[in-house]
Amino acid sequence: MKKRVKFIIMCSALINLLLTPWALVEAAPPGIHTNAVGASLIDVESGRILYSEKGDTPMRIASLTKIMTAIIAIEQGKLNDKVKVSKTAFGKEGSSIYLKLGEEMRLHDMLYGLMLRSGNDAATAIAEYIGGSVDGFVYLMNEKARMLGMDHSHFTNPSGLDEGEGHRSSPNDMAKLTAYALKNPVFKEIVSTKLKKVPNPNEAWDYSWLNKNKMLSLFEGADGVKTGYTKLAKRCLVSSATRDGQQLAVVTLNDGDDWADHARLLQYGFKYYPLQTIVKKGDAIEGTPWVAGRTFSYPLAEGEAAQLTHNVTLVDPASTEYRLAERGTLQYSLQQKLIQTVPIYDKASPLLQVQSQSTFSFQEGKAYQETLLTHYSFICRMLIQELFSISTSRWED
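Residues numbered from 1 in each chain as written. Predicted model: local features only at pLDDT ≥ 70, side-chain atom pairs only at ≥ 80, totals over all residues. Heavy atoms only, no water.

An unreviewed UniProt entry annotates the protein as D-alanyl-D-alanine carboxypeptidase of Paenibacillus aceris.

Under the definition given, this model contains 11 salt bridges. Ionic pairing is found between Glu304 and Arg48, a salt bridge with its closest N-O pair at 2.9 Å. With Glu304 in the loop between β12 (296–299) and β13 (308–314) and Arg48 in the loop between β1 (38–43) and β2 (49–53), this residue pair connects regions lying 256 residues apart in the sequence. Assessed through its relative accessible area of 15%, Arg48 is described here as buried. We note a salt bridge from Asp162 to Arg60, for which the minimum N-O separation is 3.3 Å. Residue Asp162 is found in the loop between α6 (134–147) and α7 (171–181), and its partner Arg60 is found in the loop between β2 and α2 (65–76); the two are separated by 102 residues along the sequence. For Asp162, a relative accessible area of 30% translates into the label partly exposed. (Salt bridge = Lys/Arg side-chain N within 4 Å of Asp/Glu carboxyl O. Helix = DSSP H or I, 4+ residues; strand = E, 2+ residues; numbered from the N terminus. Buried < 20%, exposed > 50% of the residue type's maximum accessible area, 1.4 Å probe, protein only.)

Remark: a regular strand shows side chains that alternate across the two faces of the sheet. Here strand β6 (residues 207–210) shows one buried face, formed by Tyr207 and Trp209, and one open face, formed by Ser208 and Leu210. As paired strands, strand β5 (residues 195–198) and β6 are joined by 4 bridges and run antiparallel to one another. Paired with Val198 across the strands is Tyr207, a residue of β6. (Pairing = 2+ DSSP bridges.)

What follows is about the sheet that holds strand β15 (residues 337–345). Read from one edge of the open sheet, 4 strands run β11-β15-β14-β13, paired in antiparallel fashion. Unpaired on one side and paired on the other, β11 (291–292) and β13 mark the two borders of the sheet. Sheet topology places strand β14 (residues 326–334) next to β15; 8 bridges connect them, and they run antiparallel. Within the sheet, the bridge partner assigned to Leu330 lies in β15 and is Val342.

Packed helices, taken two at a time, are described by their axes: the angle between them and the distance between them. Between α2 and α6, the shortest axis-to-axis distance is 10 Å and the interhelical angle comes to 95°. Considering their axes alone, α2 and α6 lie roughly perpendicular with respect to each other. Where α2 abuts α6, its residues Thr65, Met68, Thr69, Ile72, Glu75 and Gln76 lie against Phe137, Leu140, Met141, Lys144 and Ala145. When its residues are assigned to classes, the contact of α2 with α6 shows 6 nonpolar, 3 polar and 2 charged. (Axes fitted to C-alpha atoms, helices over the stretch in contact; angles between N-to-C directions. Parallel < 35°, antiparallel > 145°, perpendicular 65-115°, else oblique. Contact = heavy atoms within 4.5 Å. Nonpolar A, V, L, I, M, F, W, Y, C, P; charged D, E, K, R; others polar.)

In globular proteins that are soluble, nonpolar side chains generally tend to be buried together. Ranked by internal contacts, the top residues of the largest apolar core, which has 61 residues, are Ile67, Met68, Met110, Leu111, Met115 and Phe187. Not counting residues within four places of it along the chain, the set of residues in contact with Met110 comprises Val83, Val85, Leu99, Met105, Ala122, Ala125 and Ile126. If you look at the next biggest cluster of nonpolar residues, it comprises 21 residues, including Ala36, Phe219, Leu248 and Trp259. (Core = buried A, V, L, I, M, F, W, Y, C linked by side-chain atoms within 4.5 Å.)

Below you can see the structure in the form of C-alpha cells.
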C-alpha cells in the first residue's frame, strides 16, 4: 500500500513538472560564449537582438566608427561629387589609402577606400566634405546616433582613432547602426565588395583595394561589414551574412579570436533563430473585414511562435488615416512585449499597392523628439556647415 501511494505521488509530481510553464524553456537555444569583451548578434530585418554580452556598455570601437561615417555620407552627400583632400586629411595617422594633398576623388569611390581599406585620410576628407569640417561632421554623427536610439554612444571623430576619451559606442548600439545601414543599397554594395579598382589621377595604374574583412571569404553567405583595430580598442569587428533570405549581423569589441567567434555566432543565429513570416501583406485579419498592410517577419526560437499574441486597435473614423482606408493597427507581442505594429486596410485600399518597407524600425533615442525645433535642424545644420566651410577655406586652398 505504501509503495502504491509513493508511486502515485511520484507520478503526480512528474505530471505537475511537465505542465509547469517553465518546463517549456527546454526548447530555448543553448548558451554561447565568445572571447569578446562585448558582443551583439542582431537580425537585420526585424532589429531583434538575439545575443548580447555587455550590450549596453560604452566601449572603444576603433574603425567600426566608419560605418556611421559611410551611411551619413551616402545619405547626405552626392555620390558623383569630387571630394578634395585637405592638409588635415593628407596627414592623418593610422591606416590610409595614401591620398595625395589636393587630390580629388568621387565620393562614391572614396567610400570604397573608407570601408574596404579603412582609410583614415578618406574618413577625414569625407567628413570635411559633408560637414564643412571634422567638427561639423561629428555633430551630424551624434545627431544620427540620437535619431537611431543609440543611447550609449558618443562620437568625437569620423575615423575611430583613439583621440580623447569620449569616443565610445556599445555592442547593441553598433548592431542597431549596422542593421540600419544595411538597408541602404549603396552601403550594402560597398561593404560586400571584395576588390575594388578606382581611377588614380597620380599614376598610370588604378587604385586597387582588397577588402580587409576576411569573413567575406571565410563564411558562406558573408556580405559585410567592417574591421577595426587600435592599440586601446584592440580587435573590433562587425560582420554580416545572409542565408535563406535572412540576414544577421554580429558585433564584437576587443576580441582576440573574432573571425572564429563571428562564424560561431552567425551559425548560432541561423540555426536557433530562423526568420519566420508572421503575416503577409494582404492576408485577411481574423474576425475583421480587413487585411494586413504589410508583411511582417520575425526571428523566433523553437517554441516562441506559441508565445506570440496580437490585438487590433481601430483608428478614429474622423481621422485622415481612416479617409485613406487605414482601419487600424495589428499589434504583435512576444512574451507580452510589443515587437511590431502592422497597419490594416480595406481590401480595396490603394495603399496595398505601395512597396512594402522592411519591418525593422528604429526606436528614437531619449534625446530625440519630433518637435518644431527638430524640423528646423536641417536648416541649422546647413548654417553650421557653411560657417565651418568659411573658417577652414584658408588652409584648404
